[in-house]
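Residues per chain, in single letters:
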Amino acid sequence: MKNLGNTCYMNSILQCLSNTYFLNEFFHDPSFKMHLNRNNKTQGKIGEEVAAVIKALWTGQYKCIASKNLRYVVGQYERQFGGIEQQDSHEFLTILMDWLHSDLQTKQMQISTSLDQMPPSEKAWIEHFKGKGSYISELFYGQIKSTVKCTRCQKESATYESFSNLSLELPQDSNICYLENCLDMYFNGEEVRGWHCPKCKSNQDAIKKLDISRLPSILVVHFKRFYADPDTMSTVYRKKQTLVKFPLSELNMTRYLARTEVNRNKR
């Protein structure tokens, strides 16, 4: 893919999506246009342009392509991505996923009971997507359970949030690490001071713990490589060169699943 100034951040994400087999297959089938949502903000235009880029990459007819049309359409809805300046690839990916989901959000979710009778995680999932899913939400979206537990009375309070990627810290001062090291840091829990406990009726120390309540079919992981250098007078960002090792198959996520959701995520 040809850079349009400093659009390597955009090209790298498009290359990743292009090489995601199920998404590539979906956009190569002309019938994907039947699933386009023309009633949202982007009117299906982002989905069409991403499909055009992916198909052009795989025709074998071009030595290189330039995603000018996609950049133009993206820039209409998010001005920072419409120019030739370098931007953050993770931010672009997150916004692009939301756009693609919205552009293909035409699948009515199957709801067998009222929202009030659903488990909290299921209710939060339905409410987040407003009762309509997409091929993008089926592939890439998962759900995090955030539990805050009072250290005094052990009262727990849980909330649920959907995600399209996990953004993980890298270990400090480490040249090599494993993906599991980054996942452990993310899901290990942290102390929260001054949390208002609904049972104690006062501010208490608590432990906040994250777990996965719904695994996506395709888990997208982002590593936070850039950090502000504390040894400089002005804000200067450095990049961690840590080598991250990860399995090419059979990644076991069981220990990061919420206990109440293990059975649902076995697939």
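Numbering of residues starts from 1 in each chain and follows the order in which that chain's sequence is written. The predicted nature of this model means local features are confined to residues of pLDDT at least 70 and side-chain atom pairs, given and counted, to a pLDDT of 80 or more, with totals for whole chains, interfaces and linings taken over all residues. Side-chain measures were taken over the full set of non-hydrogen atoms in the model, leaving aside hydrogen atoms and water.

Looking at an unreviewed UniProt entry, one finds the chain named ubiquitinyl hydrolase 1 and attributed to Anopheles maculatus. UniProt positions are given in the numbering used here, feature names are shortened, and annotations may be inferred rather than shown by experiment. The UniProt entry for the chain carries the following comment under Catalytic activity (unreviewed entry): "Thiol-dependent hydrolysis of ester, thioester, amide, peptide and isopeptide bonds formed by the C-terminal Gly of ubiquitin (a 76-residue protein attached to proteins as an intracellular targeting signal)."

What follows covers the packing of aromatic side chains. Classification of ring pairs rests on two measures: the distance between centres of Phe, Tyr or Trp rings, Trp counted by its six-membered ring, which must be within 6.5 Å, and the angle between planes, read as stacked under 30 degrees, edge-to-face over 60 and tilted in between. This structure, assessed with the given rule, holds 13 aromatic pairs. Here W125 and F129 contribute two aromatic rings whose centre-to-centre distance is 4.7 Å and whose plane-to-plane angle is 70 degrees, an arrangement assigned as edge-to-face. Per residue, the accessibility class of W125 equals that of F129, and both read buried. Residues F129 and Y141 carry aromatic rings whose centres are separated by 5.5 Å and whose planes lie at 80 degrees to one another, so their mutual orientation is edge-to-face. Of this pair, F129 sits in the loop between α6 (120-128) and β2 (132-133) while Y141 sits in the loop between α7 (135-140) and β3 (142-150), and the two are 12 residues apart along the sequence. Y141 carries the same exposure label as F129, and that label is buried. Aromatic rings pair up to connect F26, F27, F32 and Y135 into one cluster. For a lysine, the NZ atom is tested; for an arginine, the CZ atom; a charge sits over a ring if that atom is within 6 Å of the ring centre and within 35 degrees of the ring normal. We note R214 situated over the ring of W125; from NZ or CZ to the ring centre the distance is 4.2 Å. Over the face of the ring belonging to Y227 we find K240, whose NZ or CZ atom lies 5.8 Å from the ring centre. Classification of residues uses two cut-offs on accessible area relative to the type maximum, computed with a 1.4 Å probe and protein chains only: under 20% is buried, over 50% is exposed, and between them is partly exposed. Per the convention used, a helix needs a DSSP run of H or I reaching at least four residues, while a strand needs a run of E reaching at least two, with both numbered from the N terminus.

To get an axis, fit a line to the C-alpha atoms, keeping to the stretch in contact for a helix; angles then go from 0 to 180 degrees between the N-to-C directions. Where helix α3 (residues 45-58) contacts helix α4 (residues 68-77), the two axes come as close as 9 Å, and the packing angle between them is 160 degrees. With respect to α4, the element α3 is oriented roughly antiparallel. Judged by the sense of rotation from one axis to the other, the crossing of α3 with α4 is left-handed. Contacts between α3 and α4 involve K45, I46, E49, V50 and V53 on the former and, on the latter, N69, L70, V73, V74 and Y77. Here the residues of the contact of α3 with α4 sort into seven nonpolar, one polar and two charged. Oblique is the label for any angle not under 35 degrees, not over 145, and not in the 65 to 115 range, which are roughly parallel, roughly antiparallel and roughly perpendicular in turn. Note on convention: the crossing is left-handed when the near helix lies turned anticlockwise from the far helix by less than a right angle, right-handed when the turn is clockwise. Pairs of residues are marked as contacts when any of their non-hydrogen atoms sit within 4.5 Å. Under the grouping applied here, Gly and all other residues not named as nonpolar or charged are polar, the nonpolar ones being Ala, Val, Leu, Ile, Met, Phe, Trp, Tyr, Cys and Pro and the charged ones Asp, Glu, Lys and Arg.

Within the open sheet, the four strands sit side by side as β4-β3-β8-β7. Their pairing is antiparallel. Each of the sheet's edge strands pairs with one partner strand only, and the pair in question is β4 (156-163) and β7 (190-197). Going across the sheet, the axis of each strand differs from the next one's by a mean of 35 degrees, ignoring polarity. Taken together, the eight bridges between β3 and β4 define a ladder with antiparallel strand orientation. Note that in β4 the partner of K145 across the bridge is Y160. Where α6 meets the sheet, its contacts fall on β3, β4 and β8 (202-214), and the angle it forms with β4 comes to roughly 35 degrees. By the convention used here, strands pair only if DSSP detects at least 2 bridges between them.

Here we take up the pattern of salt bridges. In the sections that follow, a salt bridge refers to a side-chain nitrogen of Lys or Arg positioned within 4 Å of a carboxyl oxygen of Asp or Glu. Counted by the stated rule, this structure contains 10 salt bridges. Salt-bridge contacts for R38 lead to E48; the nearest nitrogen and oxygen are separated by 2.9 Å. Taken together, the residues R38 in the loop between α2 (21-28) and α3 and E48 in helix α3 connect sequence positions 10 residues apart. Given the relative accessible area of 42%, R38 is considered partly exposed. Owing to a relative accessible area of 26%, E48 belongs among the partly exposed residues under this scheme.

A few words on the side chain of D211. Mapped onto the secondary structure, D211 falls in strand β8. As used in this structure description, the phrase polar contact means that two N or O atoms lie within 3.5 Å; if the pair is within protein, one of them must be able to donate a hydrogen and the other to accept it, and residues adjacent in sequence are counted only when both atoms belong to side chains. Engagement of the side chain of D211 in a polar contact is seen with the side chain of K209, the distance being 2.9 Å. Ignoring any residue separated from it by four or fewer positions in sequence, one finds D211 in contact with Q143, I144, K145, F187, Y256, L257 and A258.

Take the layout of surface pockets next. Every definition here rests on a 1 Å grid over the protein atoms only: cavities are sets of points where a 1.4 Å probe fits but cannot get out, pockets are open sets enclosed by protein on both sides within 12 Å along at least five of seven lines, and lining residues have some atom within 4 Å of a point. Grid points are joined across faces, edges and corners, and a volume is the space filled by probe spheres set on the points. Estimates place the volume of the largest pocket at around 1,600 Å³. For the largest pocket, the lining is made up of 40 residues, of which L219, V220, V221, H222 and F223 are closest to its centre. For the lining of the largest pocket, the elements supplying multiple residues, two or more each, are α1 (8-18), α5 (89-103) and β9 (221-224).

Within the fold, L115 resides in the loop between β1 (107-108) and α6. On a C-alpha basis, the gap between L115 and I126 in space is 8.3 Å, while along the polypeptide they are 11 residues apart. For L115, the contacting residues outside a window of four places in its chain are K123, I126 and E127.

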